[in-house]
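Tertiary structure, described
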Amino acid sequence: MCGSDTTNNKYSFLGGAAALALTGLIAAPAGAQMEGVLEEITVTAQKREEALQDVPISVATTSGEKLNAMFSGSDDVLALSGRVPGLYAESSNGRAAPRFYLRGLGNIDFDLAASQPVSFVMDEVVLENVVLKSFPLFDVNNIEVIRGPQGTLFGRNTIAGIVKVNTRRPDHETSGYVKGSWAENNTINLEGAIGGSLIDGELSARASVLYRSRDNWVTNGFTGEESLGEYDEAAMRLQFEWTPTDRFTALLMHQNRSLDGTSSIFRANVFTTGSPDLNRNYDRETVYYDGGDNNPQGYDSHGTTLNLTWDLDEVTVNSITSYQDADGTSRGDIDGGVVDFSNSITPPSGVDVANISVFGSPATTWPGPIFVPSVTEDGADTSQFTQEFRIASATDEDFRWQIGAFYFDSQLEVETENFASFDDSFNLVQNNIVRQDNRTWAVFGQGSWDVTDRLNLTAGVRYTDDEKEFKVVELAYLWADLAEQGFFSVPLSLSASDGQASWEGSFNYALTDESSWYGRVSSGFRAQTIQGRDIAFGEAASVAKPETITSYEMGYKADLAGDRLRLNLGVFTYEVEDMQLSVVGGAANINQVINAAKGEASGFELDFQWLITDNLLLSGGYAFNDTEIVDPNLYTRACGSGLCTVLDPVNPNDSSQYSLDGNPFPRAPETTYNIEVRYGAEVGSNAEIYFLTDWVWYGEINMPLYEAAEFVTKDQFEGGVRVGYKNYASGWDIAAFGRNVTDEDNVLGYIDFSNNTGFVNEPAVWGLEVGYEFGD
């Protein structure tokens, strides 16, 4: 399929230039004879540069002005959620451990050792651990969201898809930018980058920096202090690209990040039994904590990557070597409230107060009943080494191919703090520390054949060998003492390994020069999982065997209306065998991994961009997911507090357990909508005033594995606006912006073992941004 024409002009917004950096679109300048058109988008979903419309995969991209608007309120990577159809993201670990979902498939496990079926790739390097995935986004060229299994080229743990971040690389043209914004709660966002030639035609460099901060804005009503909500985050990236000949390029990159702030803010009993709506115990700006030290969080990370490319006559050889590490801790008052055993403190007015028995002693608790007081602190120290070699054809022949090998080696230590003490002679001062080692190697190959001018066939295969080892490095004194006496007999070391083949086959058929349809069948797997968090609480680690997916999809891609309307549609169905699920919290207050017999899903995604006039651009999308856990013999316990209304059938052999058969995948949005509108009006010959607004809506989301009336969300939405003046001749951009402009109180998660705790999204912020761009 032929790509659309483009007009690359620095003043592209004038006369219609609505086309935008917003989604990588561009229009003709004012006064030009040709009308504005949508620019061809290039992606690397198959590890080579190709036009988006020619790739037989469901891919969406975001870049430029759209990304700038998303992160103007100093948001973290979770801001991507819903901005691409089918993509959902959430976290119960503040700004440190995001969880991604694609086509309804993800993992709700909050633990720092959890594996995910959505891979996060930055600058061609997979970032495996959830802490590494949270590296802030700045000086980004574009982000590709690649939907569906990508096991052939990207390996295990990609069964749902990939979020692929491509940052800006050095070149020999001097260019850069600086921008700063201020918003409510003293929210500050500062960014800058500069790059150019160090040795003309041979050595170039680029340096990028980021600083984000916010003051405390949530009051702890128990202490009377405004002591939660703050963060300070700094990051940098330094790159050198050396091209001594026209046949060899070496790119050396180093980046690091430092984060200090508040972890997630948990709110006790904000759901009334029988209802998912926030009740009178909820106040966005007030919580009541008697523990947790105001939920502090701090993480540091570093990464270095060397990317070498040899351009030979017939082939291109590529080597990517990378080392990444991160360490830090998060603490939280998990029960989200106050437990007063003295029964002498006067509770605040306006919240529910309970007089109950806690651990056999009378207590006054608020907001509402708190049956299990809980403060936790986990720390992660993780590192990974990756090496990929790839050889690809470098000719314009009808058949193109690539082969490669991949190696991955990671270590993770998770330390769980012990806060409890039993008496003066026996304190749990020794923490629990568990370690997981993961080694993987793989070989892969893919070929693509242009059968005719209109028909292309692609096939690929990959073999992966994955091995995990788990061991307890340190036991809390209680469990260590019991182990010595023979009363603590859970295994203190485990291992699991497996080898799997992943494959794909696809076709792309050009109906016309502007439209095509494609079909794809693919497989992949998520490697076996060992979850050892329960060791800290006297329970054995759990192991889930690998899950495998077989996916089928058909799609239609078209550039219509004279390249002013782009329409991409993908329809899919897939089945996951031995589906891995995480049992979190509940009456047993556990964190375990299990296998369901299978999971089934089907749905579709629609992406569009429409340049309605030369000044007005409309873009957006819609996704629908119909997901179902299929296992008539799978049961789990529900909420531990007895405060939730379970909707699932009871296990006929155990009234404390409920059937999961037929339930939707946890946290799988049934529908998502997103829309962006941009309008630009000329000011003189080199400037414009512009208006941009972006919105996302979520359909029904069932949060746990089981179904309960309290733990479901529906029809939540959030929007942003940006109004600014941009001068293309001088490079200045001045804008007022708002995020969550209607100040929606959207529930993001729940905790069910002690009470009906919940946590919510960020508040509305309004601010001003000033930016200056030069070069290019």
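Refer to the structure presented above.
Report follows, based on the coordinates.

For the rest of this paragraph, the subject is the overall build of the protein chain. What the protein chain contains, in helices and strands, is 3 helices and 48 strands. Whereas a compact globule of 776 residues would reach a radius of gyration of roughly 28 Å, the protein chain reaches 26 Å, a difference of no more than 12%. With respect to the three principal axes, the spread of C-alpha positions in the protein chain is 80 × 55 × 50 Å. Counting all 776 residues of the protein chain, 59% fall into the buried class. For the protein chain, long-range pairs separated by at least 24 residues make up 68% of all intrachain contacts whose partners lie at least 6 apart in sequence. Approximately 28400 Å² of the protein chain is accessible, and the part contributed by carbon and sulfur atoms is 53%. Of the charged side chains in the protein chain, 48 are positive and 113 negative; the average position of the first set lies 4 Å away from that of the second.

Here the focus is the pattern of salt bridges. Once the charged atoms of two side chains with opposite charge are near each other, the side chains can pair. Applying the stated rule across the entire model yields 42 salt bridges. Here Arg-678 and Glu-65 are joined by a salt bridge, their closest N and O atoms 2.4 Å apart. With Arg-678 in strand β40 (residues 671-683) and Glu-65 in helix α1 (residues 64-70), the pair connects residues that are 613 residues apart, well separated along the chain. You can call Arg-678 buried: its relative accessible area is 0%. Looking at Glu-65, the relative accessible area reads 8%, which means it is buried. Residues Glu-547 and Arg-526 are paired through a salt bridge, measuring 2.7 Å at the closest nitrogen-oxygen approach. In this pair, Glu-547 sits in strand β33 (residues 547-560) while Arg-526 sits in strand β30 (residues 515-526), placing the two residues 21 residues apart along the sequence. Judged on exposure class, the residue Glu-547 and its partner Arg-526 are both buried. Residues joined in a network through salt bridges with shared partners are Arg-103, Arg-147, Glu-553, Glu-605 and Asp-607.

Okay, the sheet that holds strand β21 (residues 354-358) next. The strand order across the open sheet formed by 3 strands is β20-β22-β21, and the pairing between neighbours is antiparallel. At either margin of the open sheet sits one strand with a lone partner, and together these are β20 (338-340) and β21. Averaged over neighbouring strand pairs, the angle between their axes works out to 40 degrees when direction is ignored. For β20 and strand β22 (residues 361-366), the ladder comprises 3 bridges, and the chain directions are antiparallel. Along β22, the bridge assignment pairs Val-338 with Trp-366.

So, on to the packing of aromatic side chains. Aromatic ring pairs: the centre-centre distance and the angle between the two ring planes describe each pair. Using the criterion set out here, one finds 20 aromatic pairs in the structure. Relative to Tyr-698, the ring of Tyr-88 has its centre 5.5 Å away and its plane inclined at 80 degrees; by these criteria the two rings are edge-to-face. Highlighted residues: Tyr-88 in strand β4 (residues 87-90) and Tyr-698 in strand β41 (residues 687-698), separated in sequence by 610 residues. We classify Tyr-698 as buried; its relative accessible area is 13%. For the pair Phe-266 and Phe-759, a centre-to-centre distance of 5.5 Å together with 85 degrees between the ring planes defines the contact as edge-to-face.

Note that Ser-319 resides in strand β19 (residues 315-333). The class of Ser-319 is buried, set by a relative accessible area of 7%. Looking at Ser-319, its side chain comes within polar contact range of the side chain of Gln-387, at 3.1 Å. In contact with Ser-319, other than residues within four places in its own chain, are Leu-306, Asn-307, Leu-308, Trp-310, Gln-387, Glu-388 and Phe-389.

What follows concerns the sheet that holds strand β39 (residues 654-659). Taken in spatial order, the 3 strands of this open sheet run β37-β39-β38, and their pairing is antiparallel. Every other strand in the sheet has two partners, leaving β37 (635-637) and β38 (650-651) as the edge strands with one partner each. Pairing geometry for β38 and β39, over 2 bridges, is antiparallel. Opposite Asn-651, over in β39, you have Asp-654 as the bridge partner.

Right, let's talk about the environment of Asn-269 for a bit. Mapping Asn-269 onto the fold places it in the loop between β16 (248-262) and β17 (286-287). Given a relative accessible area of 5%, Asn-269 falls into the buried group. Along the primary structure Asn-269 and Gly-360 are separated by 91 residues, whereas in three dimensions their C-alpha atoms are 21 Å apart. Not counting the four nearest positions on each side in its chain, Asn-269 is found in contact with Asn-279, Asn-281, Pro-367, Gly-368, Pro-369, Ile-370, Leu-643, Asn-755, Asn-756 and Thr-757. Polar side-chain contacts of Asn-269 include one of 2.9 Å to the backbone oxygen of Pro-369.

To continue, consider the nonpolar core. Grouped together as the largest cluster of nonpolar side chains are 84 residues, with contacts concentrated most on Leu-80, Leu-105, Phe-120, Leu-137, Tyr-706 and Phe-711. Filtering out sequence-adjacent residues up to four positions away, Tyr-706 remains in contact with Arg-637, Ala-638, Cys-639, Cys-644, Asp-648, Leu-660, Asn-663, Phe-711, Tyr-750 and Asp-752. Counting 17 residues, the second largest nonpolar core, distinct from the first, contains Ala-45, Phe-406, Phe-408 and Phe-444.

In this section: the side chain of Thr-713. Tracing the sequence through the fold places Thr-713 in strand β43 (residues 712-713). Beyond its immediate chain neighbours, meaning those up to four positions away, Thr-713 contacts Gly-699, Glu-700, Ile-701, Met-703 and Val-747.

Here we come to the pairing of strand β28 (residues 455-474). Bridge count between strand β27 (residues 432-450) and β28: 18 bridges; the pairing is antiparallel. Within the sheet, the bridge partner assigned to Asn-438 lies in β28 and is Lys-468. The antiparallel pairing of β27 with β28 creates a hairpin that spans 4 residues between the two strands. Bridge analysis of β28 against strand β29 (residues 493-510) gives 17 bridges, and the strand direction is antiparallel.

Further remarks concern a negative patch on the surface. Taken together, the side chains of Asp-215, Glu-226, Glu-230, Asp-232, Asp-260, Asp-283, Glu-285, Asp-300, Asp-327 and Asp-381 make up a negatively charged region of the molecular surface. Counting through the fold element by element, Glu-230 comes out in the loop between β14 (225-228) and β15 (231-245).

What follows concerns the pairing of strand β11 (residues 187-199). Pairing analysis gives 9 bridges linking strand β10 (residues 175-183) to β11, with the strands arranged antiparallel. Across the sheet, residue Gly-180 finds its bridge partner in β11, namely Leu-190. From the end of β10 to the start of β11, which pair antiparallel, there are 3 residues, and Asn-185 there has a positive phi angle of about 60 degrees. With 11 bridges connecting them, β11 and strand β12 (residues 203-214) associate as antiparallel partners. Along β12, the bridge assignment pairs Glu-191 with Leu-210. Between the end of β11 and the start of β12, which pair antiparallel, lie 3 residues, with Gly-201 showing a positive phi angle near 75 degrees.

Let's shift gears to the environment of Ser-92. Along the chain, the position of Ser-92 falls in the loop between β4 and β5 (99-102). A sequence separation of 52 residues divides Ser-92 from Glu-144, and the C-alpha atoms of the two residues are 25 Å apart. With near-sequence residues (within four places) excluded, Ser-92 lies in contact with Arg-99, Phe-110, Ser-264, Phe-266 and Phe-759. In terms of polar contacts, Ser-92 uses its side chain to reach the side chain of Arg-99, at 3.3 Å.

Parameters at a glance
- Residues numbered from 1 in each chain as written.
- Predicted model: local features only at pLDDT ≥ 70, side-chain atom pairs only at ≥ 80, totals over all residues.
- Heavy atoms only, no water.
- Helix = DSSP H or I, 4+ residues; strand = E, 2+ residues; numbered from the N terminus.
- Rg over C-alpha atoms; globule rule 2.2 N^0.38 Å.
- Buried < 20%, exposed > 50% of the residue type's maximum accessible area, 1.4 Å probe, protein only.
- Contact = heavy atoms within 4.5 Å.
- Areas by Shrake-Rupley, 256 points an atom, 1.4 Å probe, with all protein chains shown as cover.
- Lys, Arg positive; Asp, Glu negative; His and termini not counted.
- Charge placed at Lys NZ, Arg CZ, Asp CG, Glu CD.
- Salt bridge = Lys/Arg side-chain N within 4 Å of Asp/Glu carboxyl O.
- Pairing = 2+ DSSP bridges.
- Axes fitted to C-alpha atoms, helices over the stretch in contact; angles between N-to-C directions.
- Phe/Tyr/Trp six-rings, centres within 6.5 Å; stacked < 30°, edge-to-face > 60°.
- Polar contact = N/O pair within 3.5 Å; in protein donor to acceptor, adjacent residues only side chain to side chain.
- Core = buried A, V, L, I, M, F, W, Y, C linked by side-chain atoms within 4.5 Å.
- Patch = residues over 30% accessible without salt bridge, like charges linked within 9 Å, V, L, I, M, F, W, Y side chains within 5 Å.

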